[in-house]
Amino acid sequence: MKTNMHRIIVLEKDPNYNAIYKEYFKNYEEYSLIGIYTSVQEVIDKYDSLQPNIIVSEVNLLHTNGINGIALLKQKDPNVKVIMISKNPSFELIKKAFKNGANGYLTKPLSSKRLKRALYTISSEGAIMSNDIIMQIIQNFRKKTYALFSSRENQIIDHLCEGATYKDIANSLFVSPSAINYHIQNIYEKLNVNSKSEALYKLQQM
């Protein structure tokens, strides 16, 4: 192995992706896959011997959420680059990932070409985002906010307008479904409505 190769760790709980990543890295001359792990703690425990340059981490992991795990990884090595990957391009997830110290965010599925380009960009420029993530950020900056509602209620309204279920919203905002239901009831009360369809109609009128 060349000493100047970038050392890469993949954090992925789905074993179906293991063979795919291994096959991808066979064709990457400058990048060496030194391990695939299912939890952040596994990497933390072995970090001193692994010494990765770049960590590619799924958002949904075993035990510790991948986004929450960024801070733990950065504590071990502030210079390590962390790329988050997920099927969910939620603006709240993206925002929390970068707030926690992520250097990139990509949406699945990842082709060999996309992953290689991301690794090159992150190692040379320090940051990477998928085009669909960029569009998601732009769209969220353009979203209307309502003075009648709190910032959390506005977040929930955004998700409702996109057709998300209460469970989807809870997962995206990292809160319990009961917390979402509490905010939904407050939204309904402020709008003087009794259902989601009524709420969406009234919001459109606003």
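Note: the structure precedes this text.
Sequence order sets the numbering: in each chain, residues are counted from 1 along the sequence as written. Selection of residues for local features in this predicted model requires a pLDDT of at least 70, selection of side-chain atom pairs for listing and counting requires 80 or more, and totals for whole chains, interfaces and linings are taken over all residues. The basis for every side-chain value is the complete set of heavy atoms in the structure, and neither hydrogens nor water enter the calculation.

Asker: How would you sum up the pattern of salt bridges? Please name residues and give values.
Answerer: Any carboxyl oxygen of Asp or Glu that lies within 4 Å of a side-chain nitrogen of Lys or Arg is treated as forming a salt bridge with it. One pass over the structure, following the stated rule, counts six salt bridges. Between Lys108 and Glu58 there is a salt bridge; the shortest N-O distance is 2.5 Å. Of the two residues, Lys108 sits in the loop between strand 5 (104-107) and helix 5 (112-124) while Glu58 sits in strand 3 (residues 54-58), which places them 50 residues apart along the sequence. For Lys95, the salt bridge goes to Glu92, with nearest N and O atoms at 3.6 Å. Of this pair, Lys95 and Glu92 both sit in helix 4 (residues 91-99), three residues apart, which is roughly one turn of the helix. With a 1.4 Å probe rolled over the protein chains alone, any residue whose accessible area is under 20% of its type maximum counts as buried; one over 50% counts as exposed, and the rest are partly exposed. By relative accessible area, which is 40% here, Lys95 ends up partly exposed. Connected through shared salt-bridge partners, Glu12, Glu58 and Lys108 make up one network. Segments assigned H or I by DSSP are reported as helices when at least four residues long, segments assigned E as strands when at least two residues long, and all are numbered from the N terminus.

Asker: Tell me about unusual backbone geometry, and please be specific about residues and values.
Answerer: A cis geometry characterises the amide bond from Lys108 onward to Pro109, with omega recorded as 0 degrees. Structurally, the position occupied by Pro109 is in the loop between strand 5 and helix 5.

Asker: Outline a nonpolar patch on the surface, listing residues and values.
Answerer: Like charges are joined within 9 Å and nonpolar side chains (Val, Leu, Ile, Met, Phe, Trp, Tyr) within 5 Å, but only among residues with over 30% relative accessible area and no salt bridge; these make up the patches. Each accessible area is a Shrake-Rupley estimate made with a 1.4 Å probe; only the visible protein chains count as cover when residues are assessed. Where nonpolar side chains cluster on the molecular surface, the patch consists of Phe98, Met129 and Ile134 and spans about 210 Å² of accessible area. You can see Phe98 is positioned in helix 4. With relative accessibility at 31%, the residue Phe98 sits in the partly exposed group.

Asker: Give me the sheet that holds strand 3: which residues, what numbers.
Answerer: Paired strands, in this sense, are two strands between which DSSP finds at least two bridges. Pairing in this open sheet of six strands is parallel, and the strands run 2-1-3-4-5-6 from one edge to the other. Edge positions in the sheet fall to strand 2 (31-37) and strand 6 (128-129), since each has one partner strand and no second. Pairing of strand 4 (residues 81-86) with strand 5 involves four bridges; the strand directions are parallel. Paired with Met84 across the bridge in strand 5 is Tyr105. Any two residues whose heavy atoms approach within 4.5 Å are treated as being in contact. In this analysis an axis means a line fitted to C-alpha atoms, helices contributing only their contacting stretch, and an angle means the value between N-to-C directions, from 0 to 180 degrees. Sitting on the sheet, helix 2 (residues 40-50) is in contact with strand 1 (6-11), strand 2 and strand 3, with an inclination near 165 degrees to strand 1. Lying over the sheet, helix 4 contacts strand 4, strand 5 and strand 6, oriented at roughly 150 degrees with respect to strand 5.

Keep in mind that these numbers describe shape and distance, not what the molecule does.
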